[in-house]
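# Structural overview
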Amino acid sequence: MMAVSVEEAVAMIPAGARIMVGGFMGVGTPERLLDEVVRQHKTDLSIVSNDAATPGKGIGKLFDAALVSRLTATHIGLNPKAQQQMLANQLAVDLVPQGTFAERIRAGGCGLGGVLTPTGVGTLVAEGKRQIEVDGTTFLLETAIRAQFALVHAFLADYLGNLSYALTARNFNPIMAMAADTVIVTAEHIVPVGVIAPDHVVTPAPLVDYLITNG
Amino acid sequence: MDGQTVIARRVAKELHAGDLVNLGIGIPTLVANYVPADLKVFFQSENGLIGTGPIPEQGMAHPLLTDAGGRPISALPGASTFDSAMSFGLIRGGHVDVTVLGGLQVDAHGHLANWMIPGKMVPGMGGAMDLVTGAKRVIVAMQHAAKGKSKIVARCTLPLTSTRPVSLVVTDMAVIAFSDGKASLLETAPGVSIAEVLAVTEAELVIPDTVPEMKI
């Protein structure tokens, strides 16, 4: 793990990058990293995130600045800007059931090619996908999702990069921290090694590549 | 009593002690208001919490404690938090006893459509498909008709949420159950006659010999 400034971290991200962003309706989102992505005007991004939040909040800021060309998400209904960009064909949106979204990312981080899920069988979600029968039940083959970068927000990070999360701000952060080539983390508090007890570490330090320094 | 209150009060009667329950947004959210204080039910919020409590008082909201719509909530003593893979493992894995969801259409087979209107409303399915596929019981809480048009239809014209039939539909006029591809009228709302229900129900309804009034 390397401690870097938010400017240095975002400078590593090229235009057109595929990026996972933690958070659920703007809660548990690495806001400082997103602000810097907007400031450095990284364009043509391919984003993997649960939702599009709302304008001005969380991942919503990237749509305000029209930086996203592809979005894989489960729900964008509360962000009219993302909807407008989708309807104007400026933004390609791949909508995925939320449980499938979580498992595809988890698979991506765990060395699996994908998962078999009953969710979506017989619906629009099944179009173009392989169906596999196991013991009489039909499942969809949903392939793994990975990204070049994961932008993760934790509650506590220690000097080694061990992470713990708070309340509903955990959401997709721990699974995204396993599913990208480069993992960049912001934390509410950075604390000495040992403050987070081993049993309370959710994301172990070796998974974290860069920790954004506070202040 | 308005229609939403009728629905919420009636759905609350379906919950039992110890149940793990997931409430959708809209009318389903109101159900929590009518669960008796002495009935211990666990409410899940799919963004990663079991043990959701009331909306916090003004000035007491925690920015990292929200419901699936991003609004502040509270956590009751004994609450637990977890990541999204765990949350949907609970849902898809059959650990959620009851989910209550809104609906756009339910058809005679019990198929639910509640996530998109092609060309008009494409917000995304969020967790709805997993909930309908995986929860032990699926209850739809919705108005019986919209602008005079029945939402209980012969066959869904909107894209399905799941091919798994729902267990029960509770509307402002009736309680309807589904089995073997048939919809049956179980109860009518207070002051609503069977004829009135039939008049705004597009799907064919089986009418048992006795159809009691909802006890709410």
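Residues numbered from 1 in each chain as written. Chains lettered and ligands numbered in written order. Predicted model: local features only at pLDDT ≥ 70, side-chain atom pairs only at ≥ 80, totals over all residues.

With that settled, consider the overall build of chain A. Within chain A, the secondary structure is distributed over six helices and twelve strands. In summary, chain A has a C-alpha radius of gyration of 17 Å against a globular reference of 17 Å for 215 residues, a match within 12%. The principal-axis extents of the C-alpha atoms in chain A amount to approximately 50 × 40 × 30 Å. The burial tally for chain A puts 52% of its 215 residues in the buried class. (Helix = DSSP H or I, 4+ residues; strand = E, 2+ residues; numbered from the N terminus. Rg over C-alpha atoms; globule rule 2.2 N^0.38 Å. Buried ≥ 20, exposed ≤ 12 C-beta atoms within 10 Å, placed from the backbone.)

Of all hydrophobic cores here, the largest spans 115 residues; its most connected members are A:Met20, A:Ala150, A:Met176, A:Val185 and B:Ala141. Considering every element that reaches this core, the biggest residue donor is strand β9 (residues 147-158) of chain A, with seven residues. Ignoring any residue separated from it by four or fewer positions in sequence, one finds B:Ala141 in contact with B:Ile7, B:Val11, B:Ile27, B:Pro28, B:Val31, B:Val100, B:Gly102 and B:Val170. (Core = buried A, V, L, I, M, F, W, Y, C linked by C-beta atoms within 7 Å. Contact = placed C-beta atoms within 7 Å.)

Another aspect to go through is the environment of B:Pro77. Mapped onto the secondary structure, B:Pro77 falls in strand β4 (residues 74-81). Between the C-alpha atoms of B:Pro77 and B:Phe178, which are 101 residues apart in sequence, the distance is 37 Å.

Another point: helix α4 (residues 80-87) of chain A. Residue and element names in this part refer to chain A. Three or more residues of α4 are buried, namely Ala82, Gln83 and Gln85. For α4, the angular spread of buried residues about the axis comes to 165°, placing them on one side. Set apart from the buried face of α4 by more than 90 degrees, the exposed residues are Gln84 and Leu87. Downstream of α4 by one or two residues, Asn89 has phi in the positive range, about 60°. (Arc of directions from axis to C-beta.)

Bringing the interface of chain B and chain A into the picture now. Contact with chain B, which involves 31 residues of that partner, is made by 35 residues of chain A. Of all elements in the fold, only α3 (84-92) and α4 (128-134) of chain B reach the threshold of two or more residues within the side of chain B that touches chain A. When residues in the side of chain B that touches chain A are grouped by element, the largest group, five residues, is from α3(B). Per-class residue counts for the side of chain B that touches chain A are eleven nonpolar, 16 polar and four charged. (Nonpolar A, V, L, I, M, F, W, Y, C, P; charged D, E, K, R; others polar.)

The next point concerns helix α1 (residues 3-12) of chain B. Restricting attention to buried positions, one finds in α1(B) the residues B:Val6, B:Ile7, B:Ala8, B:Arg10, B:Val11 and B:Ala12. Packed against the buried residues of α1(B) are α2 (27-30), β5 (98-101), β8 (137-141), β12 (168-170) and β13 (174-179) of chain B.

Another aspect to go through is the sheet that holds strand β2 (residues 42-45) of chain B. Residues and elements named next belong to chain B. Spatial strand order, β4-β3-β2-β1-β5-β8-β12-β13-β14-β15: ten strands in an open sheet with mixed pairing. The open sheet has two free edges, formed respectively by β4 and β15 (205-206), since each of these has just one partner strand. Two strands pair when backbone bridges link them, and β5 and β8 are joined in this way by four bridges, in the parallel orientation. By the bridge assignment for β8, Val100 is matched with Ile139. (Pairing = 2+ DSSP bridges.)

Residue and element names in this part refer to chain A. Residue position: Thr182 is located in strand β11 (residues 180-191). Along the sequence, Thr182 and Met12 sit 170 residues apart, while their C-alpha atoms lie 9.8 Å from each other. When neighbours within four sequence positions are excluded, Thr182 is seen to be in contact with Gln148, Phe149 and Asp209.

Let us look at the sheet that holds strand β7 (residues 131-134) of chain A. The strands that make up a sheet are held in pairs by hydrogen bonds between backbone atoms, and each pair lies either parallel or antiparallel. All names here are of chain A. Overall, antiparallel pairing links the three strands, which are arranged β6-β8-β7 in an open sheet. Looking at the sheet topology across the chains shown, the edges are occupied by β6 (114-117) and β7. For this sheet, the mean inter-axis angle between neighbouring strands, taken without regard to orientation, is 35°. Sheet analysis places β6 next to strand β8 (residues 137-143), joined by four bridges and oriented antiparallel. (Axes fitted to C-alpha atoms, helices over the stretch in contact; angles between N-to-C directions.)

Orientation of helix α5 (residues 98-109) of chain A relative to α3(B), taken along the N-to-C sense of each, is 130°, at an axis distance of 9 Å. By the angle between their directions, the pair α5(A) and α3(B) is classed as oblique. The hand of the α5(A)/α3(B) crossing is left-handed. On the side of α5(A), the interface is formed by A:Gln98, A:Gly99, A:Ala102, A:Glu103 and A:Arg106, while α3(B) contributes B:Ser84, B:Ala85, B:Phe88, B:Ile91 and B:Arg92. Along the lines of polarity and charge, the residues of the contact of α5(A) with α3(B) split into four nonpolar, three polar and three charged. (Parallel < 35°, antiparallel > 145°, perpendicular 65-115°, else oblique. Left-handed = near helix turned anticlockwise from the far one by under 90°.)

Residues and elements named next belong to chain B. Of the two faces of β5, the one lined by Val98 and Val100 and the one lined by Thr99 and Leu101 are each fully buried. Note that strand β1 (residues 20-23) and β5 share three bridges and pair parallel. When the bridges of β5 are listed, Val21 appears paired with Val98.

All names here are of chain B. Across three bridges, the pairing between β12 and β13 is antiparallel. Bridged to Leu168 within β13 is Ala177. Linkage of β12 to β13, two consecutive antiparallel strands, is achieved through a turn of three residues. With six bridges connecting them, β13 and strand β14 (residues 182-188) associate as antiparallel partners. Directly across from Ala177, in β14, lies its bridge partner Ser184. The hairpin formed by β13 and β14 contains two residues between the paired strands, and Asp180 there has a positive phi angle of roughly 50°.

As a further point, take unusual backbone geometry. Residue and element names in this part refer to chain A. The phi angle at Asp44 is positive, at roughly 60°, despite the residue not being glycine. Structurally, Asp44 can be placed in the loop between α2 (31-39) and β3 (45-48). Look at Ala66: it is not a glycine, yet its phi comes out positive at around 50°. As for its position among the elements, Ala66 is in the loop between α3 (60-64) and β4 (68-73).

Bear in mind that shape data such as this cannot, by itself, settle questions of function.
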